[in-house]
Amino acid sequence: MDSGEYICHAEDTESKRFQSGSLVLTAQGSPSLYSQSATAKEGGRAVLRCIATNFVRVSWRFQGRLLQSDFATKIIGPKATTLVIDPVSCYHSGTYECKATIDPSGVYMVNYTQLTVDCFLPNSSVR
């Protein structure tokens, strides 16, 4: 949003009436969103962070599903900006969506972060 003073002029050409008004917009800072990819070992811990400035709330999605805190997944931070997965399994590997929302307007930004999981391979020794 561009801050500054905006002036509107309206004129009725038949009655020669003229009306003027102004509006001053002050920017509160531009919204920004940043996330960083991570790598974790299976059975370990993964921490994904979504740095959102000038937003009210952050939500996380994985494979199209809205994430909520459960046994292995914790969403923490004052605005839900950190996703902790402990313990990590191979099923957690993939792309995570971080959506930062300004309430109540519904304006949002989306960023994607990649979690790579180093998975254990089954023992393939031949007997």
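Asks: For the overall build of the chain, give the residues involved together with the corresponding values.
Replies: In terms of regular secondary structure, the chain is built from zero helices and 11 strands. N-terminal to C-terminal, the α/β element order of the chain is β-β-β-β-β-β-β-β-β-β-β. Within the chain, the proportion of its 127 residues that are buried is 26%. Once local pairs closer than 6 in sequence are excluded, the contacts in the chain between residues at least 24 apart make up 49%. Accessible surface for the chain amounts to roughly 9200 Å². Of this, 53% is attributable to carbon and sulfur atoms.

Asks: Run through the sheet that holds strand S11 (residues 107–118), naming residues and quoting values.
Replies: Sheet architecture is open: five strands sit in the order S4-S11-S10-S6-S7, paired in mixed fashion. The outermost strands of the open sheet, each flanked by one partner alone, are strand S4 (38–41) and strand S7 (65–66).

Asks: Give me the lowdown on the confidence of the model for the chain, citing residues and values where you can.
Replies: The share of residues in the chain with pLDDT of 70 or more is 66%, and the mean pLDDT across the chain is 76. Per-residue pLDDT, averaged within each element of the chain, yields its smallest value for strand S2 (residues 17–25) (52) and its largest for S7 (94).

Asks: Which residues make up the state of the cysteines, and what values go with them?
Replies: Going through the model one piece at a time under the given rule, you end up with two disulfides. Here cysteine 50 pairs with cysteine 98 through a disulfide, and the sulfurs are 1.7 Å apart. Disulfide cysteine 50 to cysteine 98: torsion about the S-S bond roughly -75 degrees, handedness left-handed. Of this pair, cysteine 50 sits in strand S5 (residues 46–53) while cysteine 98 sits in strand S10 (residues 94–102), and the two are 48 residues apart along the sequence. The residues cysteine 50 and cysteine 98 share a single accessibility class, namely buried. Between cysteine 90 and cysteine 119 runs a disulfide, and the two sulfur atoms are separated by 2.0 Å. With cysteine 90 in the loop between strand S9 (82–85) and S10 and cysteine 119 in the segment after S11, this residue pair connects regions lying 29 residues apart in the sequence. Assessed through its relative accessible area of 28%, cysteine 90 is described here as partly exposed.

Asks: Explain the pairing of strand S6 (residues 57–62) to me, and be specific about the residues and the numbers.
Replies: Working note: regular strand, side chains alternate between the two faces of the sheet. Sheet analysis places S6 next to S10, joined by six bridges and oriented antiparallel. Its bridge partner being in S10, arginine 57 is matched across the sheet by threonine 101. In this sheet, S7 lies alongside S6 in antiparallel orientation, the contact comprising two bridges. Its bridge partner being in S7, phenylalanine 62 is matched across the sheet by arginine 65. The loop that links S6 with its antiparallel partner S7 comprises two residues; one of these, glutamine 63, has a positive phi angle of about 50 degrees.

Reading guide: rules and limits
Residues numbered from 1 in each chain as written. Predicted model: local features only at pLDDT ≥ 70, side-chain atom pairs only at ≥ 80, totals over all residues. Heavy atoms only, no water. Helix = DSSP H or I, 4+ residues; strand = E, 2+ residues; numbered from the N terminus. Buried < 20%, exposed > 50% of the residue type's maximum accessible area, 1.4 Å probe, protein only. Contact = heavy atoms within 4.5 Å. Areas by Shrake-Rupley, 256 points an atom, 1.4 Å probe, with all protein chains shown as cover. Pairing = 2+ DSSP bridges. pLDDT = per-residue confidence, 0-100. Disulfide = S-S within 2.5 Å.

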